[in-house]
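Notes for the structure review
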Amino acid sequence: MNTVYDVLIVGAGAVGCAAARELSRYRLRTAVLEKEYDVAAQTSGRNSAVVHAGFNNTPGSLMARLCVEGSRAFPALCAELGVPLLKTGKVLAAFSDSDVDVLRGLIRRGRLNGCTGLRILSREELHARVPGVGGIAGMESPATCVFDPFLYTVALAENAVQNGAEFFFGNEVLSIVRKDGVFRVTTSKGEFSSRVLVNCAGLYADRISSLAGVEGYRIYPCRGEYLIFEGDPELLSVPVYPAPRKGIGGLGVHLTPTTEGDILVGPSAEYIEDPDDTASTAEIQRKLLDEAVQLLPGLSGRVPIASYCGIRAKQAEPSEGGFRDFVIRAEESCPGLVNLIGIESPGLTASVPIARLVCHLVGGFIPLEENPGFDPVRKPSIRFRDKSPEERAALVASDPDWGEVVCRCRNVTRREILDALENPLGVRTVTAVKYRTRACSGRCQGGYCLSRIADIMLREFGMRPEEITLRGPGSELFCKGAKHE
């Protein structure tokens, strides 16, 4: 391409999309390169869906400061972007006196970080707050929330596009050359140029840094497996975590109610070699279920409806475990390169504060002039299932497509499927529909609605059967030459 962008961002996870949105506040030509075929295709779309309060992070660290800042602003941010958010709070359960000491330590740490409302729960208070939970005592964090991380990332990206940013999917970065103050980035689809390069590549951030000529970083992929159970508000309405233990790669196996009413169980923590290895394993799933039943005995005998995996981009090597602080810096040895390394949890919570720090660093290379037309508000999609009977009737009267239910499990209509496929990012995959509408995510996991979604893609968008994919090229659902009646 002949265009020289002011800023190229590598990676369309939550942090990359937040950076694009924050940079669109200024008169800059900003583009995002993503090797997958949609936003949040990896870590940002495969996690516990929790807005953290900030008490787990080391006082004085970037993690702690940016997490607390992000947590405080998250409700207003979700309102701006039209993203569902549940202000649930969070409970940690202690199973021994040493666990209670750990929780008291978390409260001291949280207060140093600026967290408010943290308190120890007696056994009676714990069981009143979360009936049926195991444990001898607990801790409450009222600021913790639950949200939809995929919709959040989609919303950031759509608002960035609305304000002038561009996204290029299926563009894996192959080489980076800096010459005469300009980065020339060769991807699997072409060449892009920019004055500043922002590395938000997550699991591949060390590789992108190396391609740009800055060595010394190493990302260790750490896989976390999850189970999904059909929700039951009487069983669980608040995230429940165990008191954390040293040396593991995460916060321990926990239970989280989702914005859709399901229950997430996980994650495990297993260092692996391949950052693309998102396989679920029978052994880990049995372990997850055992630990979940210890926390909440009422889950015993229930059968999960699905499983998934997410990979953490850890800087801490396996022998070390735990967490290292975020690295967010302009590299002196490569002027114009802004590196973000080791952005793991609470990276989602901290994504917008991280993005604002990125803007500050970009401003060290390019003058930042405010964009007078910047609009922070993204109009959310209409969710038929959330409407009253009267509102539903009005929608159906305005457009018959509102009256045809395509996904019975989630009560998603044909109109919602059409709107999802007409998304501002131009993404047309089954997973794009799933994460924008939650179709295919209920008990039948697409058994009823998948063929109907495919039919809409064929009839309404003129796609050929072989063009219908789960996530993009390489995940085709139909053989070439398949017939459609």
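Quick summary incoming for the structure in this document. (Residues numbered from 1 in each chain as written. Predicted model: local features only at pLDDT ≥ 70, side-chain atom pairs only at ≥ 80, totals over all residues. Heavy atoms only, no water.)

Moving on to the nonpolar core. Membership of the largest hydrophobic core comes to 57 residues, with the highest contact counts inside it found for Val39, Tyr152, Phe167, Val198 and Leu340. If sequence neighbours within four positions are ignored, Tyr152 has contacts with Ala14, Phe74, Leu77, Leu81, Val83, Phe147, Leu348, Ser351 and Val352. In this structure, Leu8, Ile272, Cys334 and Ile341 belong to the second largest nonpolar core, which totals 28 residues. (Core = buried A, V, L, I, M, F, W, Y, C linked by side-chain atoms within 4.5 Å. Buried < 20%, exposed > 50% of the residue type's maximum accessible area, 1.4 Å probe, protein only. Contact = heavy atoms within 4.5 Å.)

A contiguous patch of negative charge, built from Glu172, Glu273, Asp274 and Asp276, is present on the exposed surface. In this structure, Glu172 sits in the loop between strand S9 (166-169) and strand S10 (173-179). (Patch = residues over 30% accessible without salt bridge, like charges linked within 9 Å, V, L, I, M, F, W, Y side chains within 5 Å. Areas by Shrake-Rupley, 256 points an atom, 1.4 Å probe, with all protein chains shown as cover. Salt bridge = Lys/Arg side-chain N within 4 Å of Asp/Glu carboxyl O. Lys, Arg positive; Asp, Glu negative; His and termini not counted. Charge placed at Lys NZ, Arg CZ, Asp CG, Glu CD. Helix = DSSP H or I, 4+ residues; strand = E, 2+ residues; numbered from the N terminus.)

Moving on, we come to a nonpolar patch on the surface. A cluster of nonpolar side chains, namely Leu450, Leu470, Leu477 and Phe478, defines an oily patch on the protein surface of about 290 Å² accessible area. With respect to the helices and strands, Phe478 occurs in the segment after helix H12 (450-461).

So, about unusual backbone geometry. Most peptide bonds are trans, and most residues other than glycine sit at a negative phi. Between Gly266 and Pro267 the backbone carries a cis peptide bond, its omega angle lying at 0°. Mapping Pro267 onto the fold places it in the loop between strand S16 (263-266) and strand S17 (270-271). In this structure, Pro346 follows Ser345 across a cis peptide bond, with omega equal to 15°. Along the chain, the position of Pro346 falls in the loop between strand S20 (337-341) and helix H8 (351-362). A positive phi angle, close to 55°, is found at Asn411, a residue other than glycine. Among the secondary structure elements, Asn411 is positioned in the loop between strand S21 (405-407) and strand S22 (412-413).

In this section: the sheet that holds strand S3 (residues 50-51). Pairing is antiparallel across the open sheet formed by three strands, whose spatial order is S3-S8-S4. Lying at the two open borders of the sheet, with one neighbouring strand each, are S3 and strand S4 (85-86). Relative to strand S8 (residues 145-147), S3 runs antiparallel, the two being bridged by two bridges. Across the sheet, residue Val50 finds its bridge partner in S8, namely Val146. (Pairing = 2+ DSSP bridges.)

This paragraph deals with helix H1 (residues 14-23). Of all ten residues in H1, ten are buried; the element is thus mostly enclosed. The set of residues buried in H1 consists of Ala14, Val15, Gly16, Cys17, Ala18, Ala19, Ala20, Arg21, Glu22 and Leu23.

Following the sequence through the fold, Asp262 ends up in the loop between strand S15 (254-257) and S16. Take Asp262: its relative accessible area is 7%, and that puts it in the buried class. Among the polar contacts made by the side chain of Asp262, one reaches the side chain of Arg410 at a distance of 2.3 Å. Every residue in contact with Asp262, bar those within four places of it in the chain, is listed here: Ile228, Phe229, Glu230, Gly231, Thr256, Pro257, Ile305, Arg410 and Ser441. (Polar contact = N/O pair within 3.5 Å; in protein donor to acceptor, adjacent residues only side chain to side chain.)

The next subject is the environment of Leu418. Inspection of the secondary structure puts Leu418 in helix H10 (residues 414-421). Leu418 gets classed as buried once you look at its relative accessible area, which sits at 6%. The spacing of Leu418 and Phe461 is 43 residues in sequence and 9.3 Å in space, taken between C-alpha atoms. Among all residues touching Leu418, those that are not within four sequence positions of it are Asp401, Ile456, Glu460 and Phe461.

A few words now on the state of the cysteines. Evaluation of the coordinates by the stated rule reveals zero disulfides. With no disulfide of its own, Cys444 lies 3.8 Å from the sulfur of Cys409, the closest cysteine sulfur. Cys449 forms no disulfide, and the closest cysteine sulfur to it belongs to Cys440, at a distance of 3.5 Å. Owing to a relative accessible area of 1%, Cys449 belongs among the buried residues under this scheme. (Disulfide = S-S within 2.5 Å.)

Tallying each qualifying case throughout the model produces 32 salt bridges. In this structure, the salt-bridge partner of Asp419 is Arg415, at a minimum N-O distance of 3.2 Å. Of this pair, Asp419 and Arg415 both sit in helix H10, separated by four residues, roughly a single helical turn. Several salt bridges converge on common partners, so that one network encompasses Asp399, Asp401, Arg414, Arg415, Asp419, Glu422 and Glu460.

Quick look at the packing of aromatic side chains now. For the coordinates displayed, the defined rule picks out nine aromatic pairs. Judged by centre distance (6.4 Å) and plane angle (70°), the rings of Tyr5 and Phe168 are edge-to-face. Of this pair, Tyr5 sits in strand S1 (residues 4-10) while Phe168 sits in strand S9; the two residues are 163 residues apart in sequence, bridging distant segments of the chain. Per residue, the accessibility class of Tyr5 equals that of Phe168, and both read buried. Centre to centre, the rings of Tyr226 and Tyr308 are 4.6 Å apart; their planes meet at 5°, and the pair counts as stacked. One end of the pair, Tyr226, is in strand S13 (residues 220-229); the other, Tyr308, is in strand S18 (residues 306-314), with 82 residues separating them in the sequence. An aromatic cluster is built from Tyr5, Phe168 and Phe192, whose rings are joined through pairwise contacts. The cationic tip of Lys90 hangs over the ring face of Tyr241; the distance from NZ or CZ to the ring centre is 3.7 Å. (Phe/Tyr/Trp six-rings, centres within 6.5 Å; stacked < 30°, edge-to-face > 60°. Lys NZ or Arg CZ within 6 Å of the ring centre and 35° of its normal.)

Okay, the pairing of S20 next. The buried fraction of S20 amounts to five of the five residues, a majority that puts the element mostly inside the structure. Sheet topology places strand S12 (residues 191-199) next to S20; three bridges connect them, and they run parallel. By the bridge assignment for S20, Asn199 is matched with Asn339. Pairing between strand S19 (residues 327-330) and S20: four bridges, direction antiparallel. Directly across from Ala330, in S20, lies its bridge partner Val338. The turn joining S19 and S20, which pair antiparallel and follow one another in sequence, is formed by six residues; a positive phi near 100° is taken by Gly336.

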